[in-house]
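Here is what each chain is made of, one letter per residue.
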Amino acid sequence: MFDFERDELSLITVPGWAGSSARHWQSVWEKSYPLACRTEQQNWLYPERTSWLAALADTIAMQPGKVVIAAHSLGCHTAIDYVLSLSLAAQGRIHGMLLVAPPQLPISQAALLASGELPPDMPIPAFTGFDAAGQQRLPVKALCVASRNDPFCPYAEAERMAAGWGIKLVDAGDAGHMGSSAGLGSWQAGQRLLQKLMLG
């Protein structure tokens, strides 16, 4: 369980492509933490970078005080691009970020089909604006979590991205893409990482 109320931190979840179902660890966390708020997108299936960044900015603007971000998949790149766009003063509101299973960019059609997460007969999304992962060092505390068998990102690419961001990479073993179908439930290991990030 989270214990951030004494610091009045808001937990901002940032889902990835197609959103997070009720079985997703983000959804479970939102129910267990009273100061949690999900970033909602107008179009979960056809992401567009500018609108996704605007939605995250609006979500954070509505929260009082500092926030901690728990992002998954394409939500990781959204969160990173958002933080890198902030002024030095605005960066101070971001207490930390947990980045889980960031995909390799650009997301290839082969990876999308291999993941099994593309609904039948659905046109391939263009992922407009999500052309490459930023390699600038992050100005806030952050941890990256990646698995060894994620269909969206080879582990070596996760290592490269984390190094470029100047943050620690946590090896999640063979956990796949760590989304709704991964069966992580409340994902206690992830909660411990978030607690460590907040208290470190």
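Everything quoted here is computed from the prediction, not taken from an experiment.

(A) Just the nonpolar core, in detail. Of all hydrophobic cores here, the largest spans 31 residues; its most connected members are Ile69, Ile94, Met97, Leu99 and Trp165. Only β1 (10-14), α2 (49-61), β3 (67-72), α3 (74-84), β4 (94-100), β5 (142-146) and α6 (155-165) provide two or more residues apiece to this core. For Leu99, the contacting residues outside a window of four places in its chain are Ala71, Cys76, Ile80, Leu138, Leu143, Cys144, Val145, Trp165 and Ile167.

(B) Structural view of the pairing of strand β6 (residues 168-171). Here β5 runs beside β6; their pairing, made up of 4 bridges, is parallel. Bridging across to β6, Cys144 finds its partner in Leu169. Handedness of the crossover joining β5 and β6 through α6: right-handed.

(C) Looking closely at the environment of Ala22. Within the secondary structure, Ala22 is located in the loop between β1 and α1 (25-32). Owing to a relative accessible area of 58%, Ala22 belongs among the exposed residues under this scheme. For the pair Ala22 and Asn43, spaced 21 residues apart in sequence, the C-alpha to C-alpha distance is 18 Å. With sequence-adjacent residues up to four places away left out, Ala22 is seen in contact with Ser27 and Val28.

(D) Region of the structure containing the sheet that holds β3. Read from one edge to the other, the open sheet built from 6 strands follows the order β2-β1-β3-β4-β5-β6, with strand pairing classed as parallel. Two strands in the sheet have a free side with no partner beyond their single neighbour: β2 (36-38) and β6. On average, each strand axis in the sheet is tilted by 20° relative to the strand beside it, whichever way the strands run. As paired strands, β1 and β2 are joined by 3 bridges and run parallel to one another. Within β2, the residue paired with Thr13 across the bridge is Arg38.

Cut-offs used in this document
Residues numbered from 1 in each chain as written. Predicted model: local features only at pLDDT ≥ 70, side-chain atom pairs only at ≥ 80, totals over all residues. Heavy atoms only, no water. Core = buried A, V, L, I, M, F, W, Y, C linked by side-chain atoms within 4.5 Å. Buried < 20%, exposed > 50% of the residue type's maximum accessible area, 1.4 Å probe, protein only. Helix = DSSP H or I, 4+ residues; strand = E, 2+ residues; numbered from the N terminus. Contact = heavy atoms within 4.5 Å. Pairing = 2+ DSSP bridges. Right-handed = clockwise from strand over helix to strand, strands pointing away. Axes fitted to C-alpha atoms, helices over the stretch in contact; angles between N-to-C directions.

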